[in-house]
Amino acid sequence: MFWNASGGSVRIEDTDMDYVTFGTGNTPLVMIPGLGDGLTTVKGMAAAMAFSYRMYARDYKVYIFSRKNNLEKYQEWNTQYSTRKMAEDLAFALKTLDIERADILGVSQGGMIAQYLAIDHPALVDRLVLAVTLSRQNATVQMVISDWIDFARQGDYRALMIDIAEKSYSEAYLKKYRRLYPVLCKIGKPKDFGRFLTQAGACASHDAYDLLDRISCPTLVIGGSCDKIVGADASAELAGKIKDSELYLYEGLGHAAYEEAHDFNRRVMNFFGRDR
């Protein structure tokens, strides 16, 4: 299998948490994906993810975790399965797999989870990258998540996927790929939207702002100056509360900066590898 790619799961409470792993390095790198995990988990994606993130494979043993399979049911704007509980589950999985300390890359909702992982389980986190994420609620994210929740409740997968794309990517990118919307809106539709609703509810209630001063590991915050999902100021606000953190903003890019910026993965690698 490509870069020793394989899949696995960790038993947690009355369910499982799926993950994929790849790479030939000795240093653990944990990647935490965003809200898209509510629509498609990492199960069966080991080879594809190893190819996408092959830059990391030589230096790292990479792990990419989904949220657990059976999630507490979403109820309006309050969810029992919060981003903090997601971090607890991830900490349990890491300890189960004997991962004592790792570099952590959290993207979007994954960055929210990563914040709590570093706050509540600092011994597990060596270095931290928080990409296109936020520390607390603002009007932009509340409006966006509210719309997505409405689409999901209606089972309108097409409207949901188009809105996600339109709010994530730059206009230059969208001009090239809007023609693919008919295909995009037919691939990956879940049997039901319960998982997505639960995770969206967790995004809509995330607030780690007042606890960010507990993060003591080296931290890089990466954002997009035109982020239409978490807001253009969210990254600066986040970095401003984490002691000695670094901030990098991709000018002209939005929430999908981690996909659109050609140097994103190299920037992350350089930060993780600095002074080692």
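Remember, predicted model here, so these are calculated numbers, not experimental data.

Undergrad: Can you walk me through the packing of helix α2 (residues 83–96) against helix α3 (residues 109–120) in this structure?
TA: What describes two packed helices is the angle between their axes and the distance between those same axes. At a minimum axis separation of 8 Å, α2 and α3 run at an interaxial angle of 70 degrees. Considering the angle they form, α2 stands roughly perpendicular to α3. Relative to α3, α2 is oriented so that their crossing is right-handed. Within the contact between the two elements, α2 uses Thr 83, Arg 84, Met 86, Ala 87, Glu 88, Leu 90, Ala 91 and Leu 94 and α3 uses Gln 109, Met 112, Ile 113, Tyr 116, Leu 117, Ile 119 and Asp 120. Class assignment for the residues of the contact of α2 with α3 results in ten nonpolar, two polar and three charged.

Undergrad: Help me understand helix α8 (residues 194–205) in this model?
TA: Because an α-helix packs 3.6 residues into every turn, residues spaced three or four apart end up facing the same way. Between the first and last C-alpha of α8 there are 17 Å, a value that for twelve residues agrees with the 16 Å anticipated at 1.5 Å per step. Within α8, burial applies to Arg 195, Phe 196, Leu 197, Thr 198, Gln 199, Ala 200, Gly 201, Ala 202, Cys 203 and Ala 204. Buried positions along α8 lie against β4 (60–68), α2, α3, α4 (139–154) and α5 (157–168).

Undergrad: Looking at this model, I keep getting lost on the pattern of salt bridges. Mind explaining?
TA: A side chain with one charge can pair with a side chain of the opposite charge if their charged atoms come near. Evaluation of the coordinates by the stated rule reveals 15 salt bridges. Lys 85 is the salt-bridge partner of Asp 89, the closest N and O atoms lying 2.9 Å from each other. Taken together, the positions of Asp 89 and Lys 85, both in helix α2 and four residues apart, correspond to about one turn of that helix. Looking at Lys 85, the relative accessible area reads 23%, which means it is partly exposed.

Undergrad: Before we go on, may I ask you to explain the packing of aromatic side chains in this structure?
TA: When we look at a pair of aromatic rings, we describe it by the centre distance and by the angle of the planes. Under the defined criterion, the tally for this structure stands at eleven aromatic pairs. Seen in terms of ring centroids, Tyr 19 and Phe 65 are 5.4 Å apart; in terms of plane orientation they differ by 35 degrees. Their pairing is tilted. Taken together, the residues span a long stretch of sequence, with Tyr 19 in strand β2 (residues 15–22) and Phe 65 in strand β4 at a distance of 46 residues. Judged by its relative accessible area of 2%, Phe 65 falls in the buried class. Seen in terms of ring centroids, Tyr 169 and Tyr 173 are 4.3 Å apart; in terms of plane orientation they differ by 10 degrees. Their pairing is stacked. You can call Tyr 169 buried: its relative accessible area is 18%. Aromatic ring contacts, followed pair by pair, group Tyr 19, Tyr 63 and Phe 65 into a single cluster.

Undergrad: Mind showing me how you'd approach the pairing of strand β6 (residues 125–131) here?
TA: The side chains of a regular strand alternate, residue by residue, between the two faces of the sheet. In terms of burial, β6 is a largely internal element, six of the seven residues being buried. Two elements, strand β5 (residues 102–107) and β6, share five bridges in a ladder whose sense is parallel. Paired with Ala 102 across the bridge in β6 is Val 125. Viewed along the sheet, the connection from β5 through α3 into β6 turns out right-handed. Taken together, the four bridges between β6 and strand β7 (residues 219–224) define a ladder with parallel strand orientation. Residue pairing for β7: Val 129 is matched across the bridge by Leu 220.

Cut-off values and rules
Residues numbered from 1 in each chain as written. Predicted model: local features only at pLDDT ≥ 70, side-chain atom pairs only at ≥ 80, totals over all residues. Heavy atoms only, no water. Axes fitted to C-alpha atoms, helices over the stretch in contact; angles between N-to-C directions. Helix = DSSP H or I, 4+ residues; strand = E, 2+ residues; numbered from the N terminus. Parallel < 35°, antiparallel > 145°, perpendicular 65-115°, else oblique. Left-handed = near helix turned anticlockwise from the far one by under 90°. Contact = heavy atoms within 4.5 Å. Nonpolar A, V, L, I, M, F, W, Y, C, P; charged D, E, K, R; others polar. Expected span 1.5 Å × (residues − 1). Buried < 20%, exposed > 50% of the residue type's maximum accessible area, 1.4 Å probe, protein only. Salt bridge = Lys/Arg side-chain N within 4 Å of Asp/Glu carboxyl O. Phe/Tyr/Trp six-rings, centres within 6.5 Å; stacked < 30°, edge-to-face > 60°. Pairing = 2+ DSSP bridges. Right-handed = clockwise from strand over helix to strand, strands pointing away.

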